[in-house]
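Letter by letter, the chains look like this.
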Amino acid sequence: MRIEFPGESPEYRAARDRLLEREVELRRAMESVAAARRQLPPGGLVPEDYVFQGAGPDGAPRDVRLSELFDPGKGSLAIYSMMFPRYPTDDRPGAKTGTTAELKLEEAPCPSCTAFLDQLDGAAEHLGQRLNFAVVANAPLPRLLAFATERGWRRLRLLSTGGNTYNRDYLAETEEGYSLPMLNVFQREGDEIRHFWGSEMFYAPSDPGQDPRHNGTLEPLWNMHDLAPEGRPEDWHEQLSYA
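All values derive from a computational prediction rather than experimental measurement. (Residues numbered from 1 in each chain as written. Predicted model: local features only at pLDDT ≥ 70, side-chain atom pairs only at ≥ 80, totals over all residues. Heavy atoms only, no water.)

Draft legend 1. Structural detail: the nonpolar core. Tyr 80, Met 82 and Leu 156 are the most contacted members of the largest nonpolar core, which totals 26 residues. The dominant element in this core, judged by the number of residues it contributes, is helix H2 (residues 111–127), at five residues. Not counting residues up to four positions away in its chain, the partners in contact with Tyr 80 are Cys 113, Phe 116, Leu 117, Phe 133, Ala 134, Val 135, Val 136, Pro 181, Met 182, Leu 183 and Asn 215. Membership of the second largest hydrophobic core comes to 16 residues, among which are Leu 69, Ile 79, Val 136 and Tyr 170. (Core = buried A, V, L, I, M, F, W, Y, C linked by side-chain atoms within 4.5 Å. Buried < 20%, exposed > 50% of the residue type's maximum accessible area, 1.4 Å probe, protein only. Helix = DSSP H or I, 4+ residues; strand = E, 2+ residues; numbered from the N terminus. Contact = heavy atoms within 4.5 Å.)

Draft legend 2. Molecular detail of a nonpolar patch on the surface. A cluster of nonpolar residues, Met 1, Ile 3, Phe 5 and Leu 20, forms a patch on the protein surface that exposes about 490 Å² of accessible area. Inspection of the secondary structure assignment puts Leu 20 in helix H1 (residues 10–38). (Patch = residues over 30% accessible without salt bridge, like charges linked within 9 Å, V, L, I, M, F, W, Y side chains within 5 Å. Areas by Shrake-Rupley, 256 points an atom, 1.4 Å probe, with all protein chains shown as cover. Salt bridge = Lys/Arg side-chain N within 4 Å of Asp/Glu carboxyl O.)

Draft legend 3. Spatial organisation of the packing of aromatic side chains. Within this structure, the stated rule accounts for 13 aromatic pairs. For the pair Tyr 170 and Phe 186, a centre-to-centre distance of 5.1 Å together with 80° between the ring planes defines the contact as edge-to-face. With Tyr 170 in the loop between helix H4 (166–169) and strand S6 (182–189) and Phe 186 in strand S6, this pair connects stretches of sequence that are 16 residues apart. In this structure Tyr 170 comes out as buried when scored by relative accessible area, which is 10%. Classification of Phe 186 as buried rests on a relative accessible area of 0%. Grouped by ring-pair contacts, the aromatic residues Tyr 50, Phe 52, Tyr 166, Tyr 170 and Phe 186 constitute a single cluster. (Phe/Tyr/Trp six-rings, centres within 6.5 Å; stacked < 30°, edge-to-face > 60°.)

See the structure below:
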């Protein structure tokens, strides 16, 4: 099949064909990494059946154990640890409306985590057909649920760590207790729950001018920037709201 767009020059087509070869190579590399991920040996057993705080059917807080996050017939569970509260050095503006606007900046949610979850809220219903997914944060449950309402999130399962050590144990918290963004995947077989994978690239050295991109393949926002002539902006970051 000959691919050609209106008005393109022979120089453009030749360069685009060369780029297409590299894009195919990238696709193969991504599938190779995914296949290697699936072949990982069994990860470590979770040290305890962590107890989180979640909303019950009546909206009242209730205890939710890690084991309860696995729906029947779904053996995989992905948990994203949101930075709420945000990292202390994050000075981006807080929310402008709602009860979240009343929080001190150091208690406010991270705008980047918020943008990530804005995107995943739309995907959650589709993910839920085959995969269990939950979001946890160190913020108290009422504060977390109020923010979800203000953002319009309707599909995310939101839980407060409720004082447990999950975030600390799974690399989503510093020694000082500051929240960090991590995505962890667990696998259940019978009564055993094991850690399967974590977004450890967050801790790997980054090339100059890059952030860790540990969850980069999941983010339409930044991947869409990569398709534009300007590329990823170096002087722009996600915000809780825009003018």
